[in-house]
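# Structure assessment
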Amino acid sequence: MGTTKRRSPLTDWTVLVPVVALVALVFSWGRDLPGFAVVLVALCLAGAVLAAVHHAEVVAHRVGEPFGSLILAVAVTVIEVALIVTLMADGGDKTASLARDTVFAAVMITCNGIVGVSLLVGALRNRVAVFNPEGSGAALATVATLATLSLVLPTFTTSKPGPEFSTAQLTFAAVASLALYGLFVAVQTVRHRNYFLPVDTGRDAGRDTGRDAGRDTGRDTGRQDDHAEPPTARAALLSLGLLLVALVAVVGDAKAVSPTIETAVAKAGLPQAVVGVIIALLVLLPETLAAVRAARRDRVQTSLNLAYGSAIASIGLTIPAIALASIWLSGPLLLGLGAVHMVLLALTVVVSALTLAPGRATLLQGGVHIVVLAAYLFLAVSP
């Protein structure tokens, strides 16, 4: 009942914070920031992340699953692509591997970090986290295919020296990525939408997975998303606009503090790839928080939609955008992964397939994914 009460939009922190963060972006763009200004921009960045999660949940409540998680994943990824292209345009040869590092970091963070934490939270709540194996398995197959075509094959092709695609190969990878992404969205939102809806754990948490839930949860699970009344269309549109503002502020403020991050990484003697990891961590914060909240509300499928949807969007939209941007970007475009990262990608795919196949997971599966992410982060710092 209390959730339906209106608050003044001018005094709501979820409205004020994105606007303040956007103002901070305007005043910090293209400037060398002193230490106190970096701290202020970082605080605005954190507030914009929290506001983005709130507005994403409002929109998701209005449109229902899986559209809600799709909106957040696409919005974050589009702006992530803009950030990568901007940094590559400014950085020259030293950012030749930035797209690869950021996209691979996004895949590892989503498929291991977000999935692992969501499974841990879901299993702690109900002993067993339940989800639809059909939808999640299809999403994992799409991630694995996109990652292999875009990040693994460049290491082995011979048309150009180094882990690079030739122009024709890059064009093929871009078209294939865009086609796979479009096909996945069509399956997720139209053709087999029921495979991506939260499972009704009120019946039998052990067996109530994809096929049983799919027949009637097209309407059932929509009621489970929240007990509160869905927001009005006007409120949802306002939240959608503020979500975009917050996401622009998140990525823009992240770019504003990125010179400080790059300097700190260089002074610490860390590999340049760490910058891509930090960018991915910052950009994926809204989805991570939204996924954890969904898992706490017994909607692990929504969490998996966010995780795998973000990974698919990250590759499926970034590679075409980078291919287009390569027309005017100078310098090489390194996309191929090294041996260590290919091993971690293969381990992620195998572990994820074993996790998703039964349609339910325990604390162990969540812990395994967290350990794989920890191994990736450790090796990024100490290769």
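Residues numbered from 1 in each chain as written. Predicted model: local features only at pLDDT ≥ 70, side-chain atom pairs only at ≥ 80, totals over all residues. Heavy atoms only, no water.

### Considerations on helix α1 (residues 13–28)
Spelled out, the test is: We count a stretch as a helix when DSSP gives it H or I for four or more residues in a row; a strand needs E for two or more, and each element gets its number in order from the N terminus. An expected span of 1.5 Å times one less than the residue number is assigned to each helix. In this scheme, a residue with accessible area under 20% of its type's maximum is buried, one over 50% is exposed, and one in between is partly exposed, where area comes from a 1.4 Å probe on protein chains only. Residues are treated as being in contact if the distance between any of their heavy atoms lies within 4.5 Å.
Over its 16 residues, α1 runs 22 Å from end to end, which matches the ideal 22 Å to within 8%, given 1.5 Å per residue. For α1, the complete set of buried residues consists of Thr14, Val15, Pro18, Ala21, Ala24, Leu25 and Ser28. Each element contacted by the buried residues of α1 is listed here: α2 (35–63) and α8 (233–267). Positive backbone phi, at 75 degrees, marks Gly30, one or two positions downstream of α1.

### Some thoughts on the packing of aromatic side chains
Stated precisely, the cut-off is as follows: In summary, the pairing rule links any two rings of Phe, Tyr or Trp, Trp by its six-membered ring, whose centres are within 6.5 Å, and it sorts them by plane angle into stacked for under 30 degrees, edge-to-face for over 60 and tilted for everything else.
Counting across every chain of the model gives 2 aromatic pairs. On the basis of an interplanar angle of 90 degrees and a centroid distance of 5.7 Å, the ring pair of Phe184 and Phe196 is categorised as edge-to-face. Of this pair, Phe184 sits in helix α6 (residues 167–191) while Phe196 sits in the loop between α6 and α7 (210–224), and the two are 12 residues apart along the sequence.

### Description of helix α13 (residues 363–381)
Under the convention used in this document: The arc under discussion is defined with respect to the helix axis, by the directions toward the C-beta atoms.
Spanning 19 residues, α13 covers 27 Å between terminal C-alpha atoms, matching the ideal 27 Å at 1.5 Å per step. Residues Gly366, His369, Val372, Leu373, Tyr376 and Ala380 constitute the buried set of α13. Each buried residue of α13 sits inside an arc of 125 degrees when the element is viewed along its axis, so together they form one side. Those residues of α13 that are exposed and angled more than 90 degrees off the buried face are Leu364, Val371 and Phe378. Buried-residue contacts for α13 involve α4 (98–126), α9 (273–283) and α12 (339–356).

### Examining the confidence of the model for the chain
For clarity, the cut-off: Each residue gets a pLDDT score, which is the predictor's confidence in that residue and runs from 0 to 100.
Of all residues in the chain, 87% have pLDDT values of 70 or greater, and the mean over the chain is 81. Element-level mean pLDDT values for the chain span from 40 in α7 up to 96 in α12. Between residues 203–226, whose pLDDT stays under 50, and residues either more than four places distant or in other chains, the model counts 48 contacts.

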